[in-house]
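# A structural walkthrough
As a plain string of letters, each chain reads:
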Amino acid sequence: MKLTIERAALLKALQHVQSVVERRNTIPILSNVLVTAQKGRLTLAATDMDLAISETVDASASKTGATTAAAHTLYEIVRKLPDGAQVELETSTDGNTLTIRAGRSRFSLQCLPPADFPAMTEGDLPHRFQIAASDLKGIIDRTRFAISNEETRYYLNGIYLHAAQAGGTPVLRGVATDGHRLARVEVPLPKGAGEIPGVIVPRKTVNELRKLVEESDGSVDIELSDTRIRFASGHVTLVSKLIDGTFPDYERVIPTGNDKVLTVPCKEFAHAVDRVSTISTEKSRAIKLAVAKGVVTLSATSPDAGSATEEIEGDYKAAAIEIGFNSRYLLDITEQIAGAEARFLMADAGSPTLVRDGADESALYVLMPMRV
Amino acid sequence: MSRAPRGGGTQDRQSEIVVFAGRDMEEQGRRELEGQWGRVCDRLRKEIGDKAFKTWFGEVELGELKLGKIRLYAPTRFVRDWVGRHYGDRVLAYWQSVNVEVKNVEVNLVPPPTPRRPNEIIAVPPVPSSPGYAQPMPRLGPAIGRGDEVVQAPEGRYTFANFVVGKPNEFAYAAARNIAEQDRPLPERNPLYIFGGVGLGKTHLMHAIWHALRERDPRTRVLYLTAESFVNKFIHALRTKNTGAFKEMFRNVDVLMVDDVQFICGKETSQDEFFFTFNSLVEQNKQIVLSSEKPPSELHDLEERMRSRLGSGLVADIHASTYELRLSILQSRAEAARVPVPAAVLEFLAHKINTNIRELEGALNRVVAHGQLIGREITVEMAQDVLHDLLRQADRKVTVDEIQQRVSSYYNIKLAEMSSPRRARAVARPRQVAMYLAKQLTTLSLPQIGKRFGNRDHTTVMHAVRKIEELKVSDNSIAEDVELLKRQLQG
Amino acid sequence: MAEARRQLTLDVGHRTETWSRADFVESPANREALGWIERWPDWPAPALTLYGPPGCGRTHLGRVWAARAEAETMTGTDIAALDVAALAELASRARRVFIDDARLAPERGLFHLYNLLRERGGHLLLAADRPPAQWEIRLPDLASRLRASPAIAIDPPDDELLGSILLKLFADRQLHAAPGVIAYLVSRMERSADAARGLVAALDRRALTEGREIDRRLCADVLGGLSNEPVDR
């Protein structure tokens, strides 16, 4: 194998691909990136056995072929090469080393045979649809924060994607929860997505996918079965296993009768929460909201640090209520709200509170209070 | 079917994103792998026993070998976790002994396939009455019955030939035989009213009459019903406003037999209808046979005219059974079943199960069936075991106090030694026995048990339990002590 | 509780327990009962009773049979709502009926159902905490019919079974427990399946509230506080 490629193009592809590779690997070949030179193009691929990525870029190959080399090392090398450099990749005749040349630099990396590189089976992917990159971005950005980090609850370690009806309109829904809060985002149902099974896309895949759509303003092709999902956008393809679990029946925790409605200017509210929470203990991060007609009083106390209060104006007409929240969770949610106002729909201090963007009905957040 | 690919590469679609460097598994590789799996299974079966093997590996399937990792598929999440936890290391070790390339074994879940249609897995139970019985029985018209419902077919096993006669039932038996052999009903024997306690053989006699009549003349139209089905059918006829068809059912009957007639009492409309049917059949000189728990005079819910009408024919009673009758019934049943049951067991049953014949036969059936199921020899002890729910009044809840008292008096040591710190063998061993029994006979947690034995740690209890379990195997006298104490405590 | 300030949790529920044969763990405590279930339809009587302490697995085993025999599954209280005609309809339609909590069934209803099923060559499986001989049945016909049919005991779980019950409860809730947790719990908890159910529910809740792993430390905290804490079942 022998090819030449512009440094920037190689770096960008390597950056995508190497981030799938785990830092520590018991199986050596999983640390490697598969490099394949074909006529006029170069394909890079990496996998951690649960998620596989591949990207194709233009390159001039004078000799086709394939090899595998340490992904992070290769990435670091290319990153440190000067901008605008032409990079040459060449394998030795015995296939044991990969030589990288650029200007006066020359590196030689140990290789493993490409035949050992694991192929990820996709099986049959019977469902296929196309979604606007902006829609996919919208789902990920506004639900990702609620994904559970606890390995104990593996079935919550991802975003639940499924087709649903919202007031008679078919939608594609993304839902995430960690048992303390929940985020649900809807986008118009893409053509062909009506029959998909509900699937849980793992967190790592979500994060890699997010990087991928960042740079795309077009669309993403999605194919899936109930065990695998495949995303393709431009020259990049991701194939991932889905979480083998049953997502809980989340509809039952979304309150429908909460009648204590508070509307606050979102930014102002978030800043106040942030300031007051400086006092609350690191562990609980508890903050209390005392809501009365026209005004919200935020307060926090800590036996060690002292206390804090701040008042902000808000639109509220129902009976006064006091309710506690984890301030971190409040900030997580207000961060997702793009409109000027945030709307809190409450029942009491022990029941789920609904939070909505004053200007956007497509997202909904449920937050469980804290006893303070 | 949209499930993860299971086995060989043949059905895998080549991924576009990862360049395949040749198929992981060719046909031959697959066969080799299956061979290895077979050997692993053989060793597992040998080590953990057939039963455990079937339980856990019966539905586990071989997946593929990739990168030194063997993938197995389990049918449920639970089996996956269990196999992984209990047998993962062993499977790996065995596999490595047949294939050094294997570095890792992973158990995955098979996504559920489309649900099997239930009839694919269901064994159809045999219908106890042969079609021969069903065929000559009157069928209900479609307006009354539902489709293929057949008025009860008497059970083939209830015949005169296998009715065991003794003092308590000889009169009823003779009366029943008489009816079956007569050419035409005699007014003084119509109706025949057989009564007696629950489970003494009334239904047996009724069915026997039915069979005998049909045997004598297959054209005889005999209708046998329980009082309940009489009521059911009548209520249904009323609901569907089709009493005509109901009446039609009785019009052409030669003999009407109604079992457990006391169940018609107290249901006024059914009672009237029954009385009407009864009278019209008697007028036509058709034989009627009735059975009941009580004599006609004690059917208090019945109108007086009805009571005297029921008692106007031949009234025959069956008395409570005697030991002799029970024993000869058991002997005849055991003989008919061609199962050798020791005489001591039959005597034991005849002595202990003195309530009624149904329970007596039921008890014998239970003992025989248990013997077949477990493959255990039939002995008095085994019968005691199987029937302990009948023989013992109530399962007692054993307490730690009782255990300590019983054990200390059995070993002749002071009760206080149960919680004393002394470790001399003479007191330590009984204490361990008591701890073992506390674990076996109560649901208390080990820390709770420890607390009751002088605030000992739960590991001490664990140690005691293990010790006694070992001794039970190696030391016969300990095994006997424990068995004896257990029995005494369970009452 | 560890802290007065406590994060409340969303009641997202968990998957209902599964009742498949593959998930039923055989052990000396239930081997005989399982033998009878697998022996069906070769039963010596139209009825059979499984009895044992709460949570011993009688419901699970009943469901296993119901799946195998295509039986209708109901509870004793369901029977109370049915009149004779409805029972007859049930017997004709189902032919095989599993009644859980059979002691809650009215005697007359049970008696009719027994007879109706017997007439149709059907079978009745009952599950209860005690054998019919100890039910104090007032209807003598029913009492003698049930006493004449097999009553099979399911014993309280032994250690192995208790461990597998815990494992199954974790699996039902889709929870990963750290290695060693099962053995830790088995040697320290009350040894009944009911206690296992309460314990796993408490562990689940505590782990979710505090964002903790289900490991020995959490188990120790929960076992220590269990007596003071209401256990939801």
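Located above this text is the structure these notes cover.
Residues numbered from 1 in each chain as written. Chains lettered and ligands numbered in written order. Predicted model: local features only at pLDDT ≥ 70, side-chain atom pairs only at ≥ 80, totals over all residues.

### Some points on the packing of helix α5 (residues 170-181) of chain B against helix α6 (residues 202-216) of chain B
All names here are of chain B.
- Following both chains from N to C, one finds α5 and α6 inclined at 25°, their axes separated by 9 Å at the closest point. The angle between α5 and α6 places the two elements in the roughly parallel class. As α5 runs across α6, the sense of the crossing is right-handed. Residue-level inspection shows A172, Y173, A176, I179 and A180 of α5 in contact with α6, the latter providing L205, A208, I209, A212 and L213.
- Among the residues making up the contact of α5 with α6, the classes are represented as ten nonpolar, no polar and no charged. (Axes fitted to C-alpha atoms, helices over the stretch in contact; angles between N-to-C directions. Helix = DSSP H or I, 4+ residues; strand = E, 2+ residues; numbered from the N terminus. Parallel < 35°, antiparallel > 145°, perpendicular 65-115°, else oblique. Left-handed = near helix turned anticlockwise from the far one by under 90°. Contact = placed C-beta atoms within 7 Å. Nonpolar A, V, L, I, M, F, W, Y, C, P; charged D, E, K, R; others polar.)

### Things to note about the interface of chain C and chain A
- Every contact between the two is made by 19 residues of chain C and, on the other side, 28 residues of chain A.
- Those elements that place two or more of their residues in the side of chain C that touches chain A are β1 (6-7) and α9 (193-210) of chain C.
- Of the residues that constitute the side of chain C that touches chain A, the class distribution is seven nonpolar, six polar and six charged.

### Topic: the nonpolar core
- The biggest cluster of nonpolar side chains holds 174 residues, and the ones touching the most others in it are I209(B), M257(B) and L349(B).
- Leave out the neighbours within four places in its chain, and I209(B) touches A176(B), I179(B), A180(B), M257(B) and V289(B).
- By size, the runner-up hydrophobic cluster in this structure holds 110 residues, among which are L51(A), I53(A), I159(A) and I337(A). (Core = buried A, V, L, I, M, F, W, Y, C linked by C-beta atoms within 7 Å. Buried ≥ 20, exposed ≤ 12 C-beta atoms within 10 Å, placed from the backbone.)

### A short note on the interface of chain C and chain B
- Between chain C and chain B, the residue contacts involve 46 residues of the former and 50 residues of the latter.
- For the side of chain C that touches chain B, the elements supplying multiple residues, two or more each, are α1 (31-39), α4 (84-94), α5 (107-119), α6 (140-147) and α7 (159-172) of chain C.
- If you tally residues by element for the side of chain C that touches chain B, the top one is α6(C), at five residues.
- Classifying every residue of the side of chain C that touches chain B by side-chain character gives 18 nonpolar, 14 polar and 14 charged.

### Quick word on the sheet that holds strand β6 (residues 255-259) of chain B
All names here are of chain B.
- Strand order in the open sheet formed by five strands is β5-β6-β7-β4-β8, with parallel pairing between adjacent strands. Taken across any chain shown, the strands that pair with only one partner, and hence form the sheet edges, are β5 (222-226) and β8 (314-318). On average, adjacent strands in this sheet sit at an angle of 15° to one another, irrespective of strand direction.
- Here four bridges tie β6 to strand β7 (residues 287-292), and the two strands are oriented parallel to one another. By the bridge assignment for β7, M257 is matched with V289. (Pairing = 2+ DSSP bridges.)

### Quick word on the packing of helix α11 (residues 323-336) of chain B against helix α12 (residues 343-352) of chain B
Residues and elements named next belong to chain B.
- Packing of α11 against α12 leaves a shortest axis separation of 9 Å and a crossing angle of 135°. Looking at the two axes, α11 sits oblique to α12. The handedness of the crossing between α11 and α12 is right-handed. Counted together, Y323, R326, L327, L330, Q331 and A334 of α11 and L346, E347, L349, A350 and H351 of α12 form the full contact between these two elements.
- Here the residues of the contact of α11 with α12 sort into seven nonpolar, two polar and two charged.

### Examining the sheet that holds strand β5 (residues 123-128) of chain C
All names here are of chain C.
- Read from one edge of the open sheet, five strands run β3-β4-β5-β2-β6, paired in parallel fashion. A strand with exactly one partner marks an edge of an open sheet, and here the two such strands are β3 (72-75) and β6 (151-153). Going from strand to strand, the sheet's axes swing by 20° on average, the running direction of each strand aside.
- Each of β2 (47-51), β4 (96-100) and β5 touches α5; the most contacted strand, β5, lies at about 145° to it.

### Description of unusual backbone geometry
- A cis geometry characterises the amide bond from N190(B) onward to P191(B), with omega recorded as 0°.
- Summarising the element assignment, P191(B) is placed in the loop between α5 and β4 (192-196).
- Of note, the bond from W40(C) into P41(C) is cis; its omega dihedral lies within 30 degrees of zero at 10°.
- When you line up the elements, P41(C) lands in the loop between α1 and β2.
- Here the phi dihedral of N455(B) falls at roughly 55°; this positive angle occurs in a residue that is not glycine.
- Along the chain, the position of N455(B) falls in the loop between α18 (446-452) and α19 (458-474).
- In this structure N455(B) comes out as exposed when scored by C-beta crowding, with 10 C-beta atoms within 10 Å.
- In this structure, D101(C) is a non-glycine residue whose phi angle is positive, near 50°.
- Under the C-beta neighbour-count criterion, D101(C) is labelled partly exposed, with 18 such atoms within 10 Å.

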